[in-house]
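Structure assessment
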Amino acid sequence: MSNFIVKKVAVLGAGVMGAQIAAHLANAEVPVVLFDLPAKEGDPNGIVKKAIDGLKKLEPSPLATKDRVAYIDAANYEQHLEQLKGCDLIIEAIAEKMEWKDDLYRKISPFIAPDAIIASNTSGLSINRLAEGLPANLRPNFCGIHFFNPPRYMHLVELIATRETKPELLDNLESWLVSRLGKGIVRALDTPNFVANRVGVFSILAVMHHTQQFGLGFDEVDGLTGPLIGRPKSATYRTADVVGLDTMAHVIKTMQDTLPNDPWHKYYAAPAWLQALIAKGALGQKTRCGIFRKDGKVIKVLDLAAQDYRDSAGEVNAEVLAILKNKNPAEKFAQLRASSHPQAQFLWAIFRDIFHYVAVHLEGIAHNARDVDFAMRWGFGWAQGPFETWQAAGWQAIAEAVREDIAAGRAMSDAPLPAWVFERVEQGGVHAAEGSYSASAKTLQPRSTLPVYQRQIFPERVLGEKAAQGETIWENAGVRLWKLPQIDGDIGILSFTTKMHALGRDVILGAQEAVARAEKGLKGLVVWHEAPFAVGANLKEVAEGLAAGKFDLLDEYVGEFQKASMTFKYAKVPVVAAVQGMALGGGCEFLMHCAKRVIALESYIGLVEAGVGLIPAGGGCKEFAIRAAQSATKTGGGDVFEFIQPVFMTIAMANVSKSGAQAKELGFAQETDRIVFNANELLYVAIREARALFEAGYYPKLSPRGVKVAGRTGIANCEMMLANMKEGGMISEHDYKVAKAAATALCGGDVEGGSLVDEAWLLTVERKLFVELLKTEKTQQRIQHMLETGKPLRN
């Protein structure tokens, strides 16, 4: 990898995007100076300080932990431009007005260091035109850097070069964005709205056009264009409300003004109903009224025919639903096209027109088809990009169907499909193992060879690409032990293979066997698989045991679970957990027992057993009791309960970390654990951590003896908190019972405060309490409800 490092960033513009870009830089521990205009009254930095305060209140939070906000300094253009001299990256994120940007560039140019990178976060203005606002000596250091909203969570960043941008600058910036900020990069051409917004906004316009053509309701269309077709839950019209109807209209107008010769130009206009809503100030979520609005708990939707709002229903026809559930893409598209139902005709029409659009525009808007597909997946949350969807459904059949519809006047444009579409029939489409088709270069283009991508052993793939192959060492019905000789053949990889990586008997026993095999023939073990890390115990197996009244077997099951955790903790080789996504309940307990953790920033970790009326019993309570005793010893033998109290509340309230970084604050991870911003690098980093531990002479710690516990005094203190919560109506009688059991386990059982116990004692206490709770009717009801609905029951 390059030695390129960004030590300090200036973000110009403290609006929604500027402030959240600053927040994500702060997440990565990159100091930021956030600029805006001086306030007209009071503190000159008032505008920026208000924006920074706003970051603390947003949900989902742009900040990985609340303390990251300390990395953001407030500044204004009148007093603090000198600070730009110490910044090696300057990101402009002000309003989309060319003359404003020109004026700002003139103002800042004298203060920019010679080697600093200047980048605009414009969502669609010409990067070459913007560069003209800078002096000639700075233009080689200028490019577009288009983040998507919200910047912490949206994977896509589009990088756009000007005619003068230095190639090595883009390579360095891409590498840094990928690894340090965790982004997926698409190198976009300097065309209006670049790649994702160009295709995404057209897709929305096509949906709007066909909504009216087929006489469908906005809610009906959202029912059709969400998860059923691999799009986000917010679908089309809810997305428009969230983005802001005025913002949507602005992006549409950019296309209207800048693409006069586009074959679809007549559709680049906000529909009359959209313009009417904007004129009334109904701009969507930010004004609490747009296409949808909420009346109390009832969601209403605009009915164009009635010119009023009605209750939102969004029902999908049963015949159409059956077609959408067909897992054969070729059959699915053939059935949609053949159906006479308006909903099916609508779906075929929106897919047909997006296929048509990307085929015609591929040469002019993107380097290759892979970039278009990744842009839509990463920037708009599509499960598959348009070219992948087309190829999966049969390249030739779809191409011929689109051509027929164009000839018959059914498509939105009469522009013919380009010749290359039919030239690719023999190859079956645009994606292949060796690369993706470039219409401009008329060849397949392989992936980037930048060294940063060597850290992604299993990068996200498009249809047709092959994954790296591993060598299986051993497997059972729940786990696979394997290795990657091409990376490090001495480090084993343990992957759970169950649905959602639930921890059933096969996983628990398989994990023990995998560690035993690693101890005999490997130098380390990494627990890794794609997200989620693990959603906890296999409740179906637990429910079956409850139904049969086999509490002795359930007790044995918990014992094996504890044994698996302890096997990780005391393995003769280092066990490293590579965590991404949810790591709940037993999943959290497993990672707590590993020698080290490598955690993706977007990891949500917690001991959530209280939600099903249980307590952590895979060693979670035991581990926290030990850590509390150790912390008390480090502070001069103080009160153990001081360290138990926050953990008790975390477990009792089933709190889950909102980031990998926050998992450290909650005690699920250690300060020395690595937080990785790009989840695709997890396995690479974890393998190297395991190797480093081995090379440093790793050996397991001794099991602690003489663990000082809080005992009855600690339990009584917890009960005082619970009594107040119960009296205030915050918890139920059964919540109280479950939380008291957690307190008892954390405090070492029914013993005198300050008693000394060992690890085996603590495990026995939590296991007995767990099984006793399993025998209660209300816990059994909670387990059954979770299995049936996927949601916790309050009883």
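Provided above is the structure to which this section pertains.
Figured I'd write up the structure that's included with this text. (Residues numbered from 1 in each chain as written. Predicted model: local features only at pLDDT ≥ 70, side-chain atom pairs only at ≥ 80, totals over all residues. Heavy atoms only, no water.)

**Thoughts on the overall build of the chain**
- The secondary structure content of the chain amounts to 30 helices and 23 strands.
- Taken over the C-alpha trace, the chain has a radius of gyration of 29 Å; the compact-globule value for 795 residues is 28 Å, and the two agree within 12%.
- Principal-axis analysis of the C-alpha atoms gives the chain an extent of 80 × 65 × 60 Å.
- Within the chain, the proportion of its 795 residues that are buried is 56%.
- Residue pairs in contact within the chain that sit at least 24 positions apart in sequence constitute 71% of those at least 6 positions apart.
- With an accessible surface of roughly 33100 Å², the chain has 52% of that area assigned to carbon and sulfur atoms.
- The positive charge centre, built from 87 side chains, and the negative charge centre, built from 90, are 2 Å apart in the chain. (Helix = DSSP H or I, 4+ residues; strand = E, 2+ residues; numbered from the N terminus. Rg over C-alpha atoms; globule rule 2.2 N^0.38 Å. Buried < 20%, exposed > 50% of the residue type's maximum accessible area, 1.4 Å probe, protein only. Contact = heavy atoms within 4.5 Å. Areas by Shrake-Rupley, 256 points an atom, 1.4 Å probe, with all protein chains shown as cover. Lys, Arg positive; Asp, Glu negative; His and termini not counted. Charge placed at Lys NZ, Arg CZ, Asp CG, Glu CD.)

**So, helix α27 (residues 711-727)**
- For α27, spanning 17 residues, the distance from its first C-alpha to its last is 24 Å, which sits close to the expected 24 Å at 1.5 Å a residue.
- Buried residues of α27: Gly 711, Gly 714, Ile 715, Cys 718, Met 721, Leu 722 and Met 725, and no others. Considered in projection along α27, the buried side chains sweep an arc of 120° and stay on one side of the axis. Exposed and facing more than 90 degrees away from the buried side of α27 are Met 720, Asn 724 and Glu 727.
- Against α24 (641-652) and α28 (733-746) lie the buried residues of α27.
- Of the residues flanking the end of α27, it is Gly 729, one or two places downstream, whose phi is positive at about 75°. (Expected span 1.5 Å × (residues − 1). Arc of directions from axis to C-beta.)

**Regarding the sheet that holds strand β13 (residues 435-438)**
- Spatial ordering of the open sheet is given by β12-β13-β14, a layout of 3 strands whose pairing is antiparallel. Edge positions in the open sheet fall to β12 (431-432) and β14 (443-445), since each of these has one partner strand only.
- Note: β12 against β13, 2 bridges, orientation antiparallel. Bridging from a neighbouring strand, Ala 432 pairs with Gly 435 of β13.
- Of the strands in this sheet, β12, β13 and β14 are in contact with helix α14 (residues 369-380), which crosses β13 at around 105°. (Pairing = 2+ DSSP bridges. Axes fitted to C-alpha atoms, helices over the stretch in contact; angles between N-to-C directions.)

**Overview of the sheet that holds strand β5 (residues 117-120)**
- Reading across the sheet, the 8 strands line up as β3-β2-β1-β4-β5-β6-β7-β8 and stay open at both edges, with mixed pairing between neighbours. This sheet does not close on itself; its edge strands, each paired only once, are β3 (72-76) and β8 (184-188). The mean angle between the axes of side-by-side strands here comes to 25°, regardless of whether they run parallel or antiparallel.
- In terms of strand pairing, strand β6 (residues 142-147) meets strand β7 (residues 156-161) through 5 bridges, oriented antiparallel. Pairing of Phe 147 across the sheet is with Val 157, part of β7.

**Considering the nonpolar core**
- Ranked by size, the top nonpolar core spans 114 residues in total, and within it Phe 387, Trp 390 and Trp 420 carry the most contacts.
- Sort the elements by how many residues they give to this core and helix α13 (residues 342-365) lands first, with 13 residues.
- The contact partners of Trp 390, leaving out residues within four places of it in the chain, are Phe 355, Ala 359, Trp 395, Ile 398, Ala 399, Leu 417 and Val 421.
- In this structure, Val 515, Ala 669, Val 738 and Ala 743 belong to the second largest nonpolar core, which totals 81 residues. (Core = buried A, V, L, I, M, F, W, Y, C linked by side-chain atoms within 4.5 Å.)

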